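# Understanding the architecture of this molecule
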Amino acid sequence: MNERKVRVRFAPSPTGPLHIGGVRTALFNYLFAKKHGGDFLLRIEDTDQTRYVPGAEEYIQEALEWCGINVDEGPKQGGPFGPYRQSERKALYNQYADQLIESGHAYYAFDTPEELDEARTSAEGKGATFTYNALSRGSMKNSLSLPEKEWKGLLNSPVHYVIRFKMPDNSDVTEVDLIRGSVTFNTSLLDDKVLFKSDGMPTYHLANVVDDHLMEITHVIRGEEWLPSMPLHVLLYRAFGWQGTMPRFTHLPLILKPEGKGKLSKRDGDKMGFPVFPLLWRDPVTGEPSRGYREDGYFADAFINMLALLGWNPGTEQEIFSLNELSEAFSLDRVGKAGARFDPEKTKWFNHQYFVKKSDKELGELFLPVLINKGIETDLQVAIKVAGIVKERCNFVSDLWDQSYYLFQSPATYDEKIIIKRWKDGVPEIMNEIAGFFESVGSWKGPEIKEPFSAYVTAKGWNFGTVMNSLRLCLVGGSFGPDIFEICEIIGKEETISRIRKAVETIKI
RNA sequence: GGUCUGUUCAUCUAAGGGUUAGGAUUCAAGAUUUUCAUUCUUGCCAUAGGGGUUCGAAUCCCCUACAGACUACCA
């Protein structure tokens, strides 16, 4: 068993966009596979036709692609164990259900949904919970309680039936979870789960076990919400006689709301203004959009990096990891047991780290379309230059404009507070003189403006700080921005002078 | 209600019986940048509570509290 090639799968249900918790499950599966030189498969679990959402499968594919999570086998990529969509494997499951019936591990049940509801509500009335199990199945309508003639007749009639797992009475099932250790369940608390639905489709439980076996999956890494069904799955492997190749199980902790209680939901994102989906999603029915990390300006590598550190840590102080580095460093035993609260602030911090690491050229190329879109006439060289000087103060490409708009347009207003602070008596005159001085400056390069300027200000006996700050007010309309002379260089000599003259005319105390 | 899982600074987490309980994010202060941001330094802040076991417990055991997941012919 140990020498089997590692094969893991991400098995989402196409009922909507992939939530970041799902992306993290996919990521951990992927990292585990890559770490061990194994395969990462994508399997679409669409056994519930009623919950099918158009576009969801495509969304999942696209989200994984954006993240750089490469699928080795899947519906789109193909592979030797296909098809990878359970609806296309429909014909396969019958024989396995039959096999369990024949071996006495499963049985036919004819109870209608209404009858089951009734059993549940009546049990509730007595303060109990109805469980379809060894204690109750004798009084229900199934092939165990009914005379053979009767249930065989029912089988051949148009009456709908399901196939249920015959849960053993009162025996302990113990199985190891790779991050939690050994977990024990008693079967008397478990119910006779439906394996095969009356619509001819298997349920998740049957399909997942059959497919994992057929696809030679070695490790099942999934969300914590599946932990309670682990004993059923283990029992199914045993019933099929597949215990020799049964995968190892691992249940990942949940991602929790940033504040308050419970697991992270779409609502939290809407409320606090951060995305919970990797990509923008538009609900096919209502048309309502949900924000995505990609569209909000996050870099895929920063997003992935953040997700990886949510619940996992390398045991060192390294925080910045490329996908390849993650694949190297990843191990399941360094995944925490407790749910992790999601922190949108730290996500921004990660993006900032990746942002400033990018070259000015890369940033300039991303910035140029933004500028053009704003109606600014400029070129790549300027975009690169500007991106380079303001990138330290940005988290996103969109911040670039907020931090540099004054380089492209003359200030429309001047900050009142700064006017009061800097626009003292005599300042307008000094500014006029400086405008005149700038006329005489020959070479218009940052450092080459600064030197004669300093000499000039010193010779005049002006206070350097006052002059600089007032000049800044004239040029950008407030007290912010990079080095004054950098600004002068970028906006050009004429614009510099004209902004000073305009400010002197406009600003009134 | 029942079953299972979990609980270290506000947040993500390290420390797998012996450290002043470490790092990162956020926040605050200082330095530097004669602006803002960056950067640097510093600060604030934690073992849920109670019992054991032990020379010694965040770490092992029990109880309590709290939290979460599950409890469908959904996955």
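Computed from a predicted structure; not experimentally measured. (Residues numbered from 1 in each chain as written. Chains lettered and ligands numbered in written order. Predicted model: local features only at pLDDT ≥ 70, side-chain atom pairs only at ≥ 80, totals over all residues. Heavy atoms only, no water.)

A full pass over the atoms with the stated rule returns 35 aromatic pairs. Between Phe 130 and Tyr 132, the ring centres sit 6.1 Å apart and the planes meet at 80°, which makes this aromatic pair edge-to-face. Across the pair, Tyr 132 and Phe 130 agree in class, each one buried. Seen from their ring centres, Tyr 204 and Trp 226 are 4.2 Å apart, and the 25° between their planes marks the pair as stacked. Residue Tyr 204 is found in helix α6 (residues 204-214), and its partner Trp 226 is found in the loop between β8 (219-223) and α7 (230-240); the two are separated by 22 residues along the sequence. Here the aromatic residues Phe 437, Phe 438, Trp 444, Phe 453, Tyr 456, Trp 462, Phe 464 and Phe 485 are joined through ring pairs into a cluster of three or more. Directly above the ring of Tyr 132 sits Arg 164, whose terminal nitrogen or CZ lies 3.8 Å from the centroid. Over the ring of Tyr 354 we find Lys 357; its NZ or CZ atom is 4.4 Å from the centre of that ring. (Phe/Tyr/Trp six-rings, centres within 6.5 Å; stacked < 30°, edge-to-face > 60°. Buried < 20%, exposed > 50% of the residue type's maximum accessible area, 1.4 Å probe, protein only. Helix = DSSP H or I, 4+ residues; strand = E, 2+ residues; numbered from the N terminus. Lys NZ or Arg CZ within 6 Å of the ring centre and 35° of its normal.)

Here we take up the side chain of Arg 222. Inspection of the secondary structure assignment puts Arg 222 in strand β8. Buried within the structure, Arg 222 lacks any salt-bridge partner; its nearest side chain of opposite charge belongs to Asp 212, at an N-O separation of 5.9 Å. A distance of 2.9 Å separates polar atoms of two side chains, one belonging to Arg 222 and the other to His 233. In this structure, Arg 222 is in contact with Thr 25, Tyr 204, Asn 208, His 233, Phe 249, Thr 250, His 251 and Leu 252, ignoring residues within four places of it in sequence. (Lys, Arg positive; Asp, Glu negative; His and termini not counted. Salt bridge = Lys/Arg side-chain N within 4 Å of Asp/Glu carboxyl O. Polar contact = N/O pair within 3.5 Å; in protein donor to acceptor, adjacent residues only side chain to side chain. Contact = heavy atoms within 4.5 Å.)

What follows is about the packing of helix α18 (residues 464-476) against helix α20 (residues 493-506). Across the interface, α18 lies against α20 with an axial gap of 8 Å and an inter-helix angle of 100°. As the angle between them shows, α18 and α20 are arranged roughly perpendicular. The residues of α20 that touch α18, namely those facing Leu 471, Cys 474 and Leu 475, are Thr 496, Arg 499, Ile 500 and Ala 503. Taken together, the residues of the contact of α18 with α20 break down into five nonpolar, one polar and one charged. (Axes fitted to C-alpha atoms, helices over the stretch in contact; angles between N-to-C directions. Parallel < 35°, antiparallel > 145°, perpendicular 65-115°, else oblique. Nonpolar A, V, L, I, M, F, W, Y, C, P; charged D, E, K, R; others polar.)

The next subject is helix α13 (residues 380-390). Within α13 the residues assigned to the buried category are Ala 383, Ile 384, Val 386, Ala 387, Ile 389 and Val 390. Each element contacted by the buried residues of α13 is listed here: α12 (360-373), α14 (397-402) and α19 (484-491). For α13, the side-chain oxygen to backbone nitrogen distance between the N-cap and Gln 381 is 3.0 Å, and the N-cap itself is Asp 379.

Bringing the protein's contact with RNA strand B into the picture now. Near RNA strand B you find 56 residues, and of these Lys 197, Glu 319, Arg 393, Phe 464 and Ser 479 are the closest. Here RNA strand B approaches the protein such that, of its atoms within 4 Å, sugar and phosphate make up 74%. In the model, a sugar or linking oxygen of RNA strand B is placed 2.8 Å from a nitrogen or oxygen of the Glu 392 side chain. Secondary structure elements with two or more residues in the surface near RNA strand B: α4 (113-125), β4 (162-165), β6 (181-186), β13 (340-341), α11 (344-357) and α18. At four residues, the largest contribution of residues to the surface near RNA strand B is made by α18. Residue classes in the surface near RNA strand B are distributed as 20 nonpolar, 13 polar and 23 charged. (Near = heavy atom within 4 Å.)

Chain-level statistics for chain A give a pLDDT mean of 91 and a share of 99% at 70 or above. Our summary of model confidence lists the complex with pTM equal to 0.92 and ipTM equal to 0.93. (pLDDT = per-residue confidence, 0-100.)

This part is about the pairing of strand β1 (residues 7-10). Look at any regular strand and the pattern is simple: side chains alternate between the two faces of the sheet. Here β1 shows no split at all, with Arg 7 and Arg 9 on one side and Val 8 and Phe 10 on the other all buried. Pairing of β1 with strand β2 (residues 39-42) involves four bridges; the strand directions are parallel. Considered in β2, the bridge of Val 8 is made with Phe 40. (Pairing = 2+ DSSP bridges.)

What follows is about the environment of Leu 371. Here Leu 371 is to be found in helix α12. The exposure class of Leu 371 is buried, given its relative accessible area of 0%. Separated by 29 residues in the primary sequence, Leu 371 and Leu 400 have C-alpha atoms spaced 9.7 Å apart. Setting aside anything within four residues of it in sequence, one finds Leu 371 in contact with Ile 376, Thr 378, Ala 383, Trp 401 and Phe 408.

Read from one edge of the open sheet, three strands run β3-β4-β7, paired in antiparallel fashion. Each edge of the open sheet carries a strand with a single partner, namely β3 (106-109) and β7 (194-196). Along the sheet, successive strands turn relative to each other by an average axial angle of 45°, direction set aside. Of the strand pairs in this sheet, β3 and β4 are connected by four bridges, and their pairing is antiparallel.

A word on helix α9 (residues 300-308). Among the nine residues of α9, eight are classified as buried, and the element is accordingly described as predominantly covered. If you check which residues of α9 are buried, you get Ala 300, Ala 302, Phe 303, Ile 304, Asn 305, Met 306, Leu 307 and Ala 308. For α9, the elements touching its buried residues are α1 (20-35), α2 (56-67), α10 (323-329) and α11.

The step from Gly 82 to Pro 83 runs through a cis peptide bond, and the omega angle for that step is -5°. Structurally, Pro 83 is set in the loop between α2 and α3 (90-102). One non-glycine residue, Asn 170, lies in the positive phi region at around 45°. The phi dihedral of Glu 216 falls on the positive side, at around 55°, and the residue is not glycine.

Now for the layout of surface pockets. Volume-wise, the largest pocket comes out at about 1,200 Å³. Lining of the largest pocket is provided by 38 residues; of these, Pro 12, Ser 13, Gly 22, Glu 225 and Trp 226 occupy positions nearest its centre. In terms of residue class, the lining of the largest pocket is made up of 15 nonpolar, 13 polar and ten charged. Considered as a void within the structure, the second largest pocket measures approximately 220 Å³ in volume. (1 Å grid on protein atoms, 1.4 Å probe; cavity = no way out; pocket = protein on both sides within 12 Å on 5 of 7 lines; lining within 4 Å. Points joined across faces, edges and corners; volume = space filled by probe spheres on them.)

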